[in-house]
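An overview of the molecular structure
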Amino acid sequence: MDLKLDDDMLNQCVQCGLCLPHCPTFRVTGDETMSPRGRIKLMREVQLADAPVTDEVLDAFSSCVQCRGCEPACPSGVEYGHLMERTRETLADEGMMTPAWQRLALKPLANPTLLHAGSKVLAVAQRLKLVPGRLGISEQLPMRQAPLETSGDDVFLFTGCVMDAWQRDVHAAGQRVLEAAGFGVTPTNELAPCCGALQAHAGLTGETRSLAETMMANLDAGSGAEPRPIIVDSAGCGAAMKDYGHLLDTPEAVAFSARVFDIQEFLALHLNRLPTAAPIDLRVAVQDPCHLRHVQRVHDATRTVLRPYVRELVELDDEGLCCGAGGAYSVLEPELAGQIRERKLGSIERAAPDVVASANPGCSMHLGSAGANTRHPMQLIDDALNQ
Amino acid sequence: MLNELKKRLTGKTDSSGDAFVDALREAISPERVKFDGAHRALHGHDASVFDGGNSGPVVYPETTAEVQAVVRLANDHGRNVVPRGAGTGLAGGAIPLGAPVVVAVTRMNKILEVDVDNMIAWVEPGVVNLDLSNTLRPHGFHFAPDPSSQQACTIGGNVANNSGGPHCLAYGVTNAHVVALEVVLPSGEVAMLGGLDAEPQGLDLRGVFVGSEGTLGITTRIAVRLTKNRPEVRTLLLSFDSVTDAANTVSGVIAGGIVPAAMEVMDQRITEAVENYVGAGYPLDAAAVLLAEVDGLDAGVDIDADRIAQIGRDNNATAVRLAETDHERALLWKGRKTAFGAIAQIAPDYYLHDTVVPRSALAGVLEEVYAIAKRHDVLVMNVFHAGDGNLHPLLIFDAREEGVLDRVHAAGGEIITASLDAGGVLSGEHGIGVEKQKYMDRMFSGDDLDHQNRLRQGFDPFCRTNPGKVIPSGHSCADIQSLRNVPDKVWG
């Protein structure tokens with residue numbers, strides 16, 4: 001069947017296999033069908049040789065975390081992430097992937113009222129011990145959260161969906177750090193309910209496009225005004241929003257994507273505005289979220305901004321291999337996600353930190369639910385500034 | 001997840017309809033014996049351009065006993081066996097011919113023991129080459145063979161191909177770094193070849209096994225020698241206006257009595273492609289660049305680096321750059337080591353040769369390579385382990401273009417002839433596999449090949465382990481027989 005992939009992009013892969021060790025699912029299974037090279041080969045078999053889309057082929061595609069760790073490793077510049085997103089989109093359109101219950105589960109993300117109501121139900125259920133551990137919700141969900149207030153109009157702080165419902169304290173810390181650097185902050189709240197990353201991962205690209213259009217319209221700078229930077233403290237959301245230019249393929253979308261900054265990236269560009277503070281007395285290991293390291297490729301910024309505020313900054317020894325969180329992946333593929341996490345936990349153990357700094361809510365929850373002590377870099381800097 | 005659920009609800013597992021596959025599933029584990037179209041399609045290939053592999057079942061053993069069970073079952077059922085590591089081979093050594101069972105050792109990936117005192121590590125065959133060195137580095141050691149695919153390739157594959165790498169110039173190829181091998185022989189017996197003693201007794205069967213490309217059995221445990229990390233390293237990048245000047249510099253360095261850790265040359269086209277990927281600051285206007293590395297003690301490396309720079313200037317080097325930081329050095333090497341993959345920016349297919357010529361003949365053979373490619377209207381790039389004369393002419397093409405494959409093969413044949421005529425050999429490190437097989441009789445006489453086949457049959461009388469490889473068919477009739485034995489309508 002036609003997966004609607006660009007033949008040239010598909011042929012760009014020379015099957016050299018240099019991606020294999022950078023793929024978390026190949027690392028834990030040793031199985032070629034669970035590797036980027038293998039998946040691309042299967043895309044070719046399906047699209048160019050009309051091979052049947054069997055259960056095994058679907059497994060190969062749905063087992064991909066979409067961490068895109070293979071992309072920086074690829075000397076041929078294969079755009080694997082886009083190939084996989086398009087493959088999933090086609091298969092979802094054909095009803096072969098992303099069943100109705102998954103589509104339904106993703107609906108509330110774009111609807112803040114529904115999401116916050118659902119989240120409250122979950123928080124109550126959690127207190128009644130009704131939430132199964134496999135959902136990977138490590139922390140006690142908040143029952144009530146103070147709203148984020150606008151402090152100025154220098155930058156937008158993207159608040160998003162699940163993260164705002166479950167980890168608004170991270171947004172609050174990020175906002176305080178931005179303010180300490182002298183930026184007036186407008187939290188996006190209902191202006192930008194959701195970035196659409198999880199929908200795109202599931203092949204529901206149409207939904208992502210419409211969310212992108214809504215957000216672009218709402219965060220437009222207005223006539224004449226200087227377009228404001230849009231600051232994102234979730235690596236996955238930032239990566240998705242930086243991809244709107246590619247997704248919508250319009251000059252407006254390209255211009256919008258250029259306004260999107262990861263919060264660490266943005267602060268690293270304005271390092272001289274950050275106040276000094278005594279470092280907090282912690283040994284901190286940096287865990288690079290895949291969409292910060294492999295997609296946005298701005299992970300060095302985390303180190304740049306964090307280093308002055310902590311006693312010791314240490315690296316993990318796994319060269320940025322994925323932790324297995326992958327947005328909804330840890331819920332959809334719990335077994336593989338768990339095996340992948342084991343590797344990451346081993347790496348954390350060898351680094352022996354007091355705390356793991358993770359700039360993505362999915363990673364921190366996934367690692368946290370296995371006992372790792374994770375904080376967002378902004379929370380650590382906020383602590384240092386307010387101790 | 002739904003499949004999983006369905007399986008759990010219905011208790012249904014795939015029924016293979018084949019007694020051999022069922023026996024494998026019983027002996028190993030149903031989850032680690034694959035017989036579906038997707039797995040078989042993917043294991044019909046490695047990183048070579050050879051198209052025409054046909055895999056039977058694919059198994060992922062985790063222990064020596066499991067490998068042994070697979071080999072014994074294959075014998076009982078009269079089936080062939082092909083071992084496979086990461087599938088990064090460039091000569092088709094892991095291509096399954098005649099629908100054999102493919103034994104993928106990727107799950108046998110444990111570093112079993114690191115014995116720093118005796119400078120030995122025991123590893124399983126699926127351990128990734130670079131992982132081993134990364135694990136050893138904090139102890140002050142590394143594994144010296146560093147093929148360009150080292151981030152992905154396995155130690156088992158290195159043993160099978162007697163792999164080299166840029167740094168093998170000073171340290172020797174895989175054979176010099178493997179002291180003992182536990183192998184499952186084609187009969188299903190487990191044997192230990194070589195040993196930890198300084199002088200193991202008897203014939204050096206370990207030496208026979210290393211580089212046998214999976215035709216003598218399957219390696220299940222490997223004792224590798226650890227190489228001490230050198231305290232100081234200097235990496236030089238020299239630019240030239242001609243490939244000949246670069247080649248002459250290489251000869252000059254060796255003639256001058258210096259043994260650099262590595263000496264690598266890339267021509268302009270390939271340099272452009274890698275620079276585009278790594279951004280290491282490779283010069284785009286040089287006809288050729290020479291990457292030279294020396295290591296050792298502080299005072300010595302500076303002297304050697306200066307001498308190499310001087311020899312380069314004597315041979316018309318247009319620029320000499322010394323890597324200032326570890327990061328800069330790492331980027332330069334990343335460029336060199338990802339060169340083959342980077343060519344996809346230029347064309348989607350490549351045919352890579354691997355001949356070795358005497359260093360003194362380097363410049364002449366290179367000129368001939370460019371002339372041959374031009375004659376056949378094929379784009380050629382040269383990137384090579386200059387220090388030991390190991391050429392890697394890459395013929396670049398788009399297979400969708402009509403008639404291009406014929407031209408590529410014709411040019412390849414002439415390049416090989418030119419190399420052999422200059423006193424060279426067919427393969428430096430990639431192996432013969434299926435790709436270079438047809439050229440074997442240009443290098444060996446019929447008697448040579450018959451004797452090689454006899455040695456092989458000493459291990460594998462029925463030619464069931466990686467059949468159809470290395471030795472050309474006229475000299476390995478048992479192979480042909482064995483390949484014809486593919487059961488009809490079962491698979492294939």
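The residue numbers shown here count from 1 along each chain, following its written sequence. Naming scheme: in the order in which they are written, chains are lettered from A and ligands are numbered from 1. It should be noted that, the model being predicted, local features are given only for residues of pLDDT at least 70 and side-chain atom pairs only at 80 or more, the latter also being counted only at that level, while totals for whole chains, interfaces and linings use all residues.

1. As for unusual backbone geometry
Residue and element names in this part refer to chain B. The backbone of Met 119 sits at a positive phi, close to 55 degrees, despite the residue not being glycine. One can find Met 119 in the loop between strand E5 (111-115) and strand E6 (120-123). In this model, Val 470 sits at a positive phi of 65 degrees, which is unusual for a non-glycine residue. Looking at the element boundaries, Val 470 is found in the loop between helix H17 (446-459) and helix H18 (477-484). Once C-beta atoms are placed from the backbone, each residue is buried if 20 or more other C-beta atoms lie within 10 Å of its own, exposed if 12 or fewer, and partly exposed for counts between those two. Take Val 470: there are 26 C-beta atoms within 10 Å of it, and that puts it in the buried class. Counting from the N terminus, the helices are the DSSP runs of H or I reaching at least four residues and the strands are the DSSP runs of E reaching at least two.

2. Quick notes on the nonpolar core
The term nonpolar core means buried Ala, Val, Leu, Ile, Met, Phe, Trp, Tyr and Cys residues held together as one set by C-beta atoms within 7 Å. Grouped together as the largest cluster of nonpolar side chains are 257 residues, with contacts concentrated most on Ile231(A), Val70(B), Val103(B), Leu290(B) and Leu395(B). Apart from the residues within four sequence positions on either side, Leu290(B) is in contact with Leu238(B), Phe240(B), Ala246(B), Thr249(B), Val250(B), Met263(B), Val265(B), Gly312(B) and Ala386(B). Two residues qualify as being in contact provided that their C-beta atoms, derived from the backbone, are within 7 Å of each other.

3. Re the domain arrangement of chain B
Taken domain by domain, chain B comprises domain 1 (28-106), domain 2 (108-228), domain 3 (233-338) and domain 4 (347-437). Taken over C-alpha atoms, the centre of domain 1 of chain B sits 40 Å from the centre of domain 3 of chain B. Where a domain begins and ends is set by an automatic assignment or by a domain database.

4. A few points about the interface of chain A and chain B
Counting residues at the interface gives 31 residues for chain A and 34 residues for chain B. Broken down by secondary-structure element, the contributors of at least two residues to the side of chain A that touches chain B are helix H3 (36-49) and helix H4 (55-62) of chain A. The element best represented in the side of chain A that touches chain B is H4(A), accounting for five residues. Each residue belonging to the side of chain A that touches chain B can be placed in one class, and the counts come to 13 nonpolar, ten polar and eight charged. Following the grouping adopted for this structure description, the nonpolar residues are Ala, Val, Leu, Ile, Met, Phe, Trp, Tyr, Cys and Pro, the charged ones are Asp, Glu, Lys and Arg, and the polar ones are all others, Gly among them.

5. Things to note about helix H20 (residues 334-351) of chain A
Residues and elements named next belong to chain A. How far a helix is expected to stretch is found by multiplying one less than its residue total by 1.5 Å. Counted at 1.5 Å a residue, the expected span for H20 with its 18 residues is 26 Å, and the 25 Å between its end C-alpha atoms agrees. All buried positions along H20 are accounted for by Leu 336, Ala 337, Ile 340, Arg 341, Lys 344 and Ile 348. With its buried residues spanning 125 degrees around the axis, H20 presents them on a single face. Set apart from the buried face of H20 by more than 90 degrees, the exposed residues are Glu 335 and Glu 349. Check the buried side of H20 and you find it contacts helix H2 (24-29), strand E5 (280-287), helix H19 (329-332), strand E7 (355-358) and helix H21 (361-368). Looking at the residues trailing H20, positive phi occurs at Ala 352, about 45 degrees. What the arc describes is the spread of directions from the helix axis to the C-beta atoms.

6. Some points on the packing of helix H2 (residues 19-27) of chain B against helix H4 (residues 64-76) of chain B
Residues and elements named next belong to chain B. For the pair H2 and H4, interaxial distance at closest approach is 10 Å and the crossing angle is 160 degrees. In terms of orientation, H2 and H4 fall into the roughly antiparallel class. The element H2 and its partner H4 pack so that their crossing is right-handed. Residues Phe 20, Ala 23, Leu 24 and Ala 27 of H2 pack against Ala 69, Val 70 and Leu 73 of H4. When the residues that make up the contact of H2 with H4 are grouped by side-chain class, the tally is seven nonpolar, no polar and no charged. The axes are straight lines fitted to the C-alpha atoms, using for helices just the contacting stretch, and the angles between their N-to-C directions are given from 0 to 180°. Note on angle classes: values under 35 degrees are labelled roughly parallel, values over 145 roughly antiparallel, values of 65 to 115 roughly perpendicular, and the remainder oblique. Note on convention: the crossing is left-handed when the near helix lies turned anticlockwise from the far helix by less than a right angle, right-handed when the turn is clockwise.

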